[in-house]
Amino acid sequence: MTNTGNGRTAKLEAGHNQVTELQIMSGSVGPDVIDIRKLYAQTGTFTYDPGFTSTAACQSKITYIDGDEGVLLHRGYRIEDLAEHCDFLEVCYLILYGELPTEAEKAKFVHGVTYHTMVHEQILNLIRGFRRDAHPMAVLIAMVGALSAFYHEDLDINDPHNRMIATYRLIAKMPTIASLAYKYSAGQPFMYPQNRHTYAGNFLHMMFGVPCEPYEVDPVLAKALDRIFILHADHEQNASTSTVRLVGSTGASPYAAISAGIASLWGPAHGGANEAVVQMLGEVGSVDKIPEFIKRAKDKDDPFRLMGFGHRVYKNYDPRAGVLKSSADEVLELLGQGDNPKLAIARELERIALEDDYFQERKLFPNVDFYSGIILEAMHIPTSMFTAIFALARTVGWIAQWNEMVEDPEQKIGRPRQLYTGPAQRAFVPMDQRG
Ligand code: ACO
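Along each chain, residues carry numbers from 1 onward, in the same order as the chain's sequence is written. Note on the predicted model: pLDDT of at least 70 is required for a residue's local features to be given, and 80 or more for side-chain atom pairs to be given and counted; whole-chain, interface and lining totals, by contrast, use all residues. Heavy atoms throughout the structure, all of them, feed into the side-chain values; hydrogens and water do not.

## With respect to the site of the ligand
If you check the shell around the ligand, you find 21 residues, and the closest are Arg-305, Leu-306, Gly-308, Arg-312 and Tyr-358. We call two N or O atoms a polar contact when they sit within 3.5 Å, provided that within protein one can donate a hydrogen and the other can accept it, with sequence-adjacent residues counted only if both atoms are side-chain atoms. One nitrogen or oxygen atom from the side chain of Arg-312 is found 2.7 Å from an oxygen atom belonging to the ligand. Charged means Asp, Glu, Lys or Arg here, nonpolar means Ala, Val, Leu, Ile, Met, Phe, Trp, Tyr, Cys or Pro, and polar covers whatever is left, Gly included. Tallied by class, residues from the shell around the ligand come to eleven nonpolar, five polar and five charged. Nearness is defined per residue: one heavy atom within 4 Å of the molecule or strand is enough.

## A closer look at the packing of helix α7 (residues 160-186) against helix α11 (residues 254-265)
Relative to each other, α7 and α11 sit at 40°, their axes nearing to 11 Å. When the axes of α7 and α11 are compared, the pair comes out oblique. Remark: the crossing between α7 and α11 carries right-handed chirality. Residue-level inspection shows Ala-166, Arg-169, Leu-170 and Met-174 of α7 in contact with α11, the latter providing Pro-254, Tyr-255, Ile-258 and Ile-262. To get an axis, fit a line to the C-alpha atoms, keeping to the stretch in contact for a helix; angles then go from 0 to 180 degrees between the N-to-C directions. In this text, helices come from DSSP runs of H or I with a minimum length of four residues, and strands from runs of E with a minimum of two, each type numbered from the N-terminal end. In what follows, roughly perpendicular refers to angles from 65 to 115 degrees, roughly parallel to angles under 35, roughly antiparallel to angles over 145, and oblique to any angle outside these ranges. Handedness of a crossing is defined here by the sense of rotation of the near helix relative to the far one, left-handed for an anticlockwise turn of less than a right angle and right-handed for a clockwise turn. By definition in these notes, contact holds between two residues if any of their heavy atoms fall within 4.5 Å.

## A short note on the environment of Arg-37
Here Arg-37 is to be found in the loop between β4 (33-34) and α1 (39-43). Three labels apply to residues, based on accessible area from a 1.4 Å probe with only protein chains included: buried if under 20% of the type maximum, exposed if over 50%, partly exposed otherwise in between. The exposure class of Arg-37 is exposed, given its relative accessible area of 54%. Taking the C-alpha atoms as reference points, Arg-37 and Leu-22, 15 residues apart in sequence, are found 9.1 Å from one another. Engagement of the side chain of Arg-37 in a polar contact is seen with the side chain of Asp-35, the distance being 2.8 Å.

## What to know about the nonpolar core
Proteins that are soluble and globular tend to have nonpolar side chains buried together. We define a nonpolar core as any set of buried Ala, Val, Leu, Ile, Met, Phe, Trp, Tyr and Cys residues linked to one another through side-chain atoms lying within 4.5 Å. Leu-225, Phe-229, Ile-262 and Leu-306 are the most contacted members of the largest nonpolar core, which has 121 residues in total. For this core, the element with the most residues is helix α18 (residues 386-407), which contributes 14 residues. Residue contacts for Phe-229: discarding those within four places in its chain leaves Phe-88, Tyr-199, Ala-200, Phe-203, Ile-389, Leu-392 and Ala-393.

Written out as structure tokens, the structure is:
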């Protein structure tokens, strides 16, 4: 394949056309892409790319990642700057609307989110139908999907106003639903949202408050949680976001699309890794056991992988892990847990892995999940809620990407092709002639 310079085309010899010219498209930053939309019509061939390792499925203005350099930008702003200077709802506004809000814009947005946090009482009854030991992610998938039954009639996804109401509802209700799932599993009374709290503070109130006494939100915990929310807000076309876009591309309800996104996030190769990291650090148990686990991670016959390490896109330090690493030190110190054994194991594990040829050659670095679980655990958030918190924070990214997709004039129903390797057409065999 050759690039023809200013003409911006690539030439391909394939199929029934000897040489096909394909348009090269450029974004504002990042690699160019070859436009293969007419490839099948022109050559009779498809491309083969399991896992979409080389395929751009859409154009997007929301998030940019340079995986080689370890850079993450939302609407052009570095994640490190956003984590330091903004709160989560400010970042939500940026992700949704493309610009940082003025004070008045932010106040209006915060008010809008705050006043959508209650859920229909029937949601509480639905949650009561689960077994007490149901995983919060299972409850979240079901309840967010169920929202489509509560807001179905009035939802025209082609109406921007309707889409914006769905956006507010989802961002606002996700902490309520996640905390309800937790309260149910703990056998404690459900807590209603309190509008006097911040977004993160309200979540802590619904998680840890009880009706018999007032709950004072610890500002240190609220700030640490808010930062975790910021770091998980969006991450361009990852598995769960692509799932949301794929489901949404059929014109399905945004609640159904986000529910599918939550399902996709649950897997241990994606958002489920933060839970797996804490379990792994517990299994390692002490610093002297680290070499044994590093050895297992490198052994191809052992299914064990170093959880929280490696990333499809980052071939450098995940910038979110960098922020969380310093956050972990700060928060644990403030909570009087400076000598937390899991943090000590994580730091040493990282040091040893980064000096190891196996990890260096494969460019495996800590990802966002490596330190987040330690902070959440120090805040007494149960492990089973870690991925639910990720889902809560990622909701803004999912819904922003869904909105962008619905507005995109080039948007089509997502429908990949395949390389068929099954039997070719053959004659039907009647039952008495089989075997
Ligand atoms: N521990 C040990 N080896 C690893 C790890 C790991 N955590 N991650 C990748 N490798 C190895 C693979 O075995 C492979 O080795 P090989 O070339 O000798 O066969 C090589 O590194 C490349 O890995 P792939 O699995 O091909 O990379 P891919 O991009 O498909 O996977 C993934 C990325 C799924 C994140 C992987 O690194 C992984 O499983 N990590 C652990 C789980 C995790 O932390 N997930 C969270 C990701 S961040 C997020 O979703 C928010």
